[in-house]
Amino acid sequence: MGKTADLLPGTVDLLILKAVSLKPLHGYGVLLRIRQISGEALEIPQGSLYPALYRLEHQGLIEAEWGESDNGRRAKYYTMTATGRRRLREEAAGWNRLAAAMAAVLNTTPEEV
Amino acid sequence: MWRRALSRVRALVGRRRFEDGMSEEMRFHLEAYVNDLVGAGTPPEAAWRRARAEFGSVDNAKDDCREARGLMLFDELARNLRYAVRLLRKTPGFTVTALATLAICIGANLTIFAGVYSILLRPMPFPEADRLVAVFNAYPKAGVPDDGSTLTNYDERRGRIDALAALAVYRDGTAIVGEPGSTERESISRVSPEFFATLGAGPVAGRAFTEAEMTYQTDHVVIITDAYWRQWYDRDRAVLGRRIRVDGVERAIVGVLPPDFSFLSSKARLYFPLSSNAEEREPKRRHWGSSTHMIARLRPGTTLAEAQSQVDAHNAAVEGGGIEAKAMADAGFRSIVEPLHAGHVAAIRPTLLLMQAGALFLLLIGALNLVNLLLIRASQHVRELAVRQAIGAGRRHVVSAVVVETTALTLGGGLLGLVVGAVGIRLLPLLGTDRLPLGTHIALDPRVAVTVLLGALVLGVAIALPIAWYSLRQRVASGMQFESRGSTASRAAQRLRHGFIVAQIGLAFALLSGAGLLGLSLNKVMAVSPGFRPERVLAGQISLPWSSYQRDADRLAFVERLVGDIARTPGVMAAGIVTNVPLSGNSSRSSATVKGRPRRPGESPRAIYSYSVGGDYFSAMGFTLREGRFVVDADSRRAERVCVVDEDFARRYWPTGGAIGQRVFPGSNPAEGREVEGFTIVGVVGAAKQDRLTEDDALGAVYYPFGHRQDNDFFVVTRTSAVAEAFANTLRPIVRAIDPDLPVNDIQTMDARIEDSLVARRSPALLAGVFSGIAMLLTAIGTYGVLSYAVAQRRREIALRMALGAQPAQVRRQFVSLALGLLAAGTALGVIAAWITGQAMQTLLYQVPALHVAVLAGTAVTLGVVSLAACLVPSYRAARVSPMEALADQ
């Protein structure tokens, strides 16, 4: 657990959107996928995963449908909607700008000032 | 936005499925995680523990999910509603009182508001109705504030006033419609060609009138209303071109109006062209005021003020500087442009607003009552509340519980109020509201109902505020004690309750004294003598159609035969005709000059009432002869022209007497070379109230013999020795025997006409009386409730004092003096409120000052008796407290 980074507020939604945009997933699958693509560095608290999913569904960014899991159990799968895709693009762009700016600031050396 | 609402509704409707799905989803998550952990080598037991620990509380997660869907709000609402209903059912007495109070108060407001909305607020049913204006001639210095417009005005202004996109005139009247032997009198309106275009609403079938149809030779066309179409033609599409016999002449139907066509208060069912000839539009007739009215539509982008100044400029241009123009200028002449709807209802506006204010006062009193009763109940629930707060109920929960309960009450009361209001609206015509301008349009409009229910919702929240404040101030600790009387919160609550009682008494005081002022004013008006003896006098209107009574001789012959036939009927004491009966609301005014008494430079011509009389009119109406003789039937045929004036007229010109033998000339200018047009005064009669009982302008009146100044419309007036109403059945056959086509309209006794003329005073007084009766009942309930509670709260204290030897009388006195204190404060507040109310209603009062000592004293005594009666029961109960019982009661 020690290797996971603390999540900034507001990033949970972004992470979920990204995970779901790659492939329809059930709730637990979202958790695994984020862990996997972040190289095990990011982990969404399990208790707040579902409220976030319900909120995103309520906002029309993702859609839920019951289907069958890999081991033949009934599970709820989340897919991306067009609105969600647009939102993900915007948020990702905003996040990248912020990250680049932060990096630029933090990498500044005394000589560059 | 709609998407979220949909998702919320889906979750609400399929609540079961939502909950099941949520449980299944989370179960799946845990099981899948455990599976993975076991697969990685963790023993199942430990895997489950770890999965649960990392997931956290499933219930919390579910709550958060519900919150995400906006379901928490509904859950809490439903919970609070169940709690509120349980609470209300546990106290049926309180609930019934509260609901009844709200139903009556809201119902009263709804009833009045329906009137206010229908008369003052609802726009006229025309496109851009706010651009419609009325234009009328006013001669304020002559005592004539509104004299309509003339055909000359219409002719001169058409197309010449830039600010007015369209201009039209109309004249209301009646006509005899139908085949001989089965005629009926219909309300009609004669209109100029652009009348319907000006309004922006016209015939749905057929066409409007054309310019060519505006002459007496070509005007044989008619446009019918939807009501007439339904009644007589059963909505037959092929009605155009069919003929209607009007006043003995056939008119072809050229148009049918839509069902929703409704012009101001017009009752017209048929529309005719307003025909005229060139003579009637001559410049010299510009000020021959008439029953013709002008409407216009402002051009888009122009203001009322621009239209007014253009009309003023146009008037100045056409008037010129002649002697007539000078006289009119002296009379303060101006053509006024005013908004059509606002002008039409201006006279009734203050009364309606006053009534609405009274209804709102009533609602305020009811609401204060409710707050007090709820406060008392809340303090009885202090312990329960304290327990709830102690086990974690947040402030939000306490507040929302209160709000849900009060809004449930007010909405319930609002729904009942809709029923009460619907009944009230049905009863309104009993108060004569159907005779008000637009009064027949009062109905329970859906928008009014929605407004009232929204108001009920707001009221619920407003009532909740003091209750919530009180509930929150309750300290857990003090609430847990059995006696919480000493706590600061309950002392503040007591002050609040007492303050509300004082406010309630003050408001009831203002309402009661307002009703007293209105009643007193009505009484004073009713005591005014009309100037004639109205008892056992019956008057009915007859209009001779032009087509069959074109010659003066025909009309005079008809009148003489009619009056003679009536006079010979047994039970008739006197009969006569007059062109208008007093207090009919449309007595015509004109001007007259007196020989040898030219107007001084700058002096305004004075309007006077002028009538033509025939038969034995003065005896029939019961006028008093002051001097000389009455004008009698024979004067109509004599070559010598004589007239009678009233004492107001005589006093103005001959303050010291000597009116008999003087000469009067109709018209506003000296009669040089018109000697033959003069009338010699042969008698002076008592002054009568002409327009309304409260008039005090004493304009004066001149009565000419009918034969010398004729009219097609007149009233036949009969004084009977027995009940006057019954004579109506004798009068109609007498008229039909002379002319079978001729109906008699508007047959009423003069007493009834006087009653009718007071409707705008009686109804408000009656309504205010009803309101203040309810207000007093509410105040009594409120005082009783608060004092009962005060006694119950101090039972132990009273018991202790009585155990230590206090007399029952002393205990009683303590509570009576509390009530007296509240009453005194309420009365002081009430006197101030009554003064303000009196000021506000000054314009509606007749010879009654805003602050009337007897009314105030009467109000104080009445309210005092009522509130003391309400406090006697609790006070006596206090004195009967048994020390043993009270002290044992822990």
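Residues numbered from 1 in each chain as written. Chains lettered and ligands numbered in written order. Predicted model: local features only at pLDDT ≥ 70, side-chain atom pairs only at ≥ 80, totals over all residues.

What follows covers the packing of helix H24 (residues 759-793) of chain B against helix H27 (residues 853-879) of chain B. Residues and elements named next belong to chain B. As a packed pair, H24 and H27 sit with axes 9 Å apart at the nearest point and diverge in direction by 25°. It follows from the interaxial angle that H24 and H27 lie roughly parallel. Here H24 runs over H27; the crossing is right-handed. Contact residues: H24 offers Met776, Thr779, Ala780, Thr783, Tyr784, Leu787, Ser788 and Val791, while H27 offers Leu863, Val866, Ser867, Ala869, Ala870, Cys871, Val873, Pro874, Arg877 and Ala878. (Axes fitted to C-alpha atoms, helices over the stretch in contact; angles between N-to-C directions. Helix = DSSP H or I, 4+ residues; strand = E, 2+ residues; numbered from the N terminus. Parallel < 35°, antiparallel > 145°, perpendicular 65-115°, else oblique. Left-handed = near helix turned anticlockwise from the far one by under 90°. Contact = placed C-beta atoms within 7 Å.)

Our next topic: the environment of Ala824 of chain B. Along the polypeptide, Ala824 of chain B turns up in helix H26 (residues 808-840). Residue class for Ala824 of chain B comes out partly exposed when judged on the 14 C-beta atoms lying within 10 Å of it. (Buried ≥ 20, exposed ≤ 12 C-beta atoms within 10 Å, placed from the backbone.)

Another aspect to go through is the environment of Ala5 of chain B. Residues and elements named next belong to chain B. The residue Ala5 is located in helix H1 (residues 2-13) in this model. Its 10 C-beta neighbours within 10 Å are what place Ala5 among the exposed residues. Spatially, the C-alpha atoms of Ala5 and Arg69 are 9.4 Å apart, while their sequence positions differ by 64 residues.

Quick look at the confidence of the model for chain B now. Per-chain confidence: chain B averages 87 in pLDDT, with 94% of residues scoring 70 or above. On the interface metric, ipTM, the complex scores 0.87, and its pTM is 0.77. (pLDDT = per-residue confidence, 0-100.)

Moving on: the interface of chain A and chain B. By a widely used convention, the size of an interface equals the accessible area lost when the partners come together. With 14 residues of chain A at the contact, the number on the chain B side is 19 residues. Only helix H2 (27-37), helix H3 (46-58) and strand S3 (74-80) of chain A provide two or more residues apiece to the side of chain A that touches chain B. Ranked by residues supplied to the side of chain A that touches chain B, first place goes to H3 of chain A with 7 residues. Of the residues belonging to the side of chain A that touches chain B, the class tally is 5 nonpolar, 6 polar and 3 charged. (Nonpolar A, V, L, I, M, F, W, Y, C, P; charged D, E, K, R; others polar.)

An α-helical turn contains 3.6 residues, so any two residues separated by three or four positions project in the same direction. The end-to-end C-alpha distance of helix H13 (residues 349-380) of chain B is 46 Å, a good match for the 46 Å that 32 residues give at a rise of 1.5 Å each. Judged by how many residues are buried, H13 of chain B sits mostly within the fold: 23 of 32 residues are covered. (Expected span 1.5 Å × (residues − 1).)

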